[in-house]
Amino acid sequence: MTSDNATILGADCLSDPGVILGYRTGRKIPFEPLRLGDHARIRSHSVIYANTTIGHHLETGHNVVIREENRIGDHFCVWNNTVIDYGCVIGNNVKIHSNCYIAQFTTIEDEVFIAPGVSVANDPHPICALCMRGPTLKKGCRIGVNVTLLPHIIIGQSALVGAGSVVTRDVPPFAVVAGNPARRLRDVNELNCPFDLTQPYVDGQDVKAREHQDMQAEEQLREQIRRQAEAQGRRPGVPGIPGGQRT
Ligand SMILES: CC(C)(COP(=O)(O)OP(=O)(O)OC[C@H]1O[C@@H](n2cnc3c(N)ncnc32)[C@H](O)[C@@H]1OP(=O)(O)O)[C@@H](O)C(=O)NCCC(=O)NCCS
């Protein structure tokens, strides 16, 4: 992949056939090239507009659209058929799954996870657009499958929004909310694994983040939970997976 005047590419970028980089918006804004950091991996039929800046290690699925005037950090991972509309700010290590719509002027901080089918709204009274602004997703929060987030709200740090929820109000940090309208169920640190495999969140941190920081401590935690379950007569394991282990 080479740079042209619509795109400034970092080193070691790979794109599949059918990818369009530096697509020009129809909006009347001064032109700036698309800037992509090193090691991007862009899968077939994705389109990334000019006037956007993305850090290192971008990874997209197929048919992803990232529009103009987005500022996106390093290690952004976005999967098939997701659309990032214009004017968003996205931090580092953000993962957005398939079939999501991220509305204009949404802010997503570092380490946020967005599950498949999430829709983000930005205009309380369409199509007025005078106060158009998406929600703010604070560091490390997780949004479950098929969630709808309404405009202007703040999802607090490390919070978890349950599957299918419609979130109409701010969510406090570390809260688990669910339902339509979403209501607080508990704190993320109070969630238990139904299979006694681990504690899903400790100090708001999920298993992957903990493994990354201290694998040994994470293994000790799992062993402790396994022993507690056995002492209480339960047999830890994942249903339907022979031996109860993930590969
Ligand atoms: C919200 C969530 C974390 C709650 O977990 P939990 O506290 O262990 O939930 P429980 O199963 O104990 O349910 C507690 C109550 O909340 C309800 N509830 C749970 N999840 C709900 C949801 N998403 N929407 C509405 N109500 C929900 C349950 O029906 C239950 O109600 P009841 O007490 O009247 O029976 C979980 O259900 C969820 O939605 N996880 C996200 C899954 C997801 O989207 N993953 C994305 C990766 S694919």
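Computed from a predicted model, the values in this text were never measured in an experiment.

**Student:** How should I be thinking about the site of the ligand in this particular structure?
**Tutor:** Not every one of the 14 residues close to the ligand is listed here, only the nearest: Ala 115, Gly 144, Gly 162, Ala 163 and Ala 178. Breaking the shell around the ligand down by element, the ones donating at least two residues are β25 (175-178) and β26 (183-187). In terms of residue class, the shell around the ligand is made up of eight nonpolar, five polar and one charged.

**Student:** Would you explain the environment of Arg 133 in this entry?
**Tutor:** By the element assignment, Arg 133 lies in the loop between β18 (119-120) and β19 (136-137). For the pair Arg 133 and Gln 104, spaced 29 residues apart in sequence, the C-alpha to C-alpha distance is 6.7 Å. Excluding its chain neighbours within four sequence positions, the residues that come into contact with Arg 133 are Phe 105, Asn 122, Pro 151 and His 152.

**Student:** Which parts of the structure should I look at to understand the sheet that holds strand β10 (residues 71-72)?
**Tutor:** Each strand in a sheet pairs with its neighbour through backbone hydrogen bonds, running either in the same direction (parallel) or in the opposite one (antiparallel). Across the sheet, which stays open at both edges, the eight strands sit in the order β1-β4-β7-β10-β13-β16-β19-β22 with parallel pairing between neighbours. In the strand order of this sheet, the two ends are held by β1 (7-9) and β22 (154-155), each with one partner. Summarising the sheet, strand β16 (residues 107-108) and β19 pair through two bridges and their orientation is parallel. Each residue of the ladder has a partner; that of Ile 108, found in β19, is Leu 137.

**Student:** Honestly, the pairing of β26 in this entry has me stumped. Any pointers?
**Tutor:** In regular strands, side chains alternate between the two faces of the sheet. Here β25 runs beside β26; their pairing, made up of four bridges, is antiparallel. Counted as the bridge partner of Ala 175 is Asp 187 from β26.

**Student:** Looking at this structure, I do not really get the domain arrangement of the protein chain. What am I missing?
**Tutor:** Accessible area lost when the parts come together is the quantity often used to give the size of an interface. Segmentation of the protein chain into domains returns domain 1 (7-190) and domain 2 (192-247). Computed from C-alpha coordinates alone, the two centres of domain 1 and domain 2 are separated by 30 Å. Taken together, the contacts link six residues of domain 1 with four residues of domain 2.

**Student:** Please clarify how the nonpolar core should be interpreted in this entry.
**Tutor:** Generally speaking, soluble globular proteins have nonpolar side chains that are buried together. Core analysis: the largest hydrophobic core is formed by 51 residues, its most contacted members being Ala 159 and Val 161. Of all the elements in the fold, those that place two or more residues in this core are β4 (34-36), β6 (47-49), β23 (160-161) and β25. Examining the composition of this core, we find that three residues originate from one element, β25, more than from any other. Residues contacting Val 161, with those up to four places away along its chain left out, are Ile 143, Gly 144, Val 147, Ile 155, Val 167, Val 171, Val 177 and Ala 182.

**Student:** Any chance you could explain the environment of Glu 218 here in plain terms?
**Tutor:** Examined against the element boundaries, Glu 218 turns out to sit in helix α2 (residues 215-231). When the 19 C-beta atoms within 10 Å are taken as the criterion, Glu 218 is described as partly exposed. Remark: the alpha-carbon pair of Glu 218 and Gln 199, spanning 19 residues in sequence, is separated by 9.5 Å. Residues contacting Glu 218, with those up to four places away along its chain left out, are Val 207, Arg 210 and Glu 211.

Basis of the calculations
Sequence order as written defines residue numbering, which begins from 1 separately in each chain. Totals for whole chains, interfaces and linings use all residues, but because this is a predicted model, local features are given only for residues with pLDDT of at least 70 and pairs of side-chain atoms are given and counted only at 80 or more. To decide whether a residue is near a molecule or strand, its C-beta atom is placed from the backbone and checked for lying within 6 Å of it. Strands here are runs of E lasting at least two residues and helices are runs of H or I lasting at least four, both read from the DSSP assignment and numbered beginning at the N terminus. Ten residue types, Ala, Val, Leu, Ile, Met, Phe, Trp, Tyr, Cys and Pro, are classed as nonpolar, four, Asp, Glu, Lys and Arg, as charged, and the remainder, Gly among them, as polar. Note on contacts: residues are paired as contacts if their backbone-placed C-beta atoms lie within 7 Å. The pairing criterion for strands is at least two bridges between them, as found by DSSP. Either an automatic procedure or a domain database provided the assignment from which the domain bounds are taken. In these notes, a nonpolar core means any group of buried Ala, Val, Leu, Ile, Met, Phe, Trp, Tyr and Cys residues linked to one another through C-beta atoms within 7 Å. Here the C-beta atoms are placed from the backbone, and a residue counts as buried if at least 20 other C-beta atoms lie within 10 Å of its own, exposed if 12 or fewer do, and partly exposed otherwise.

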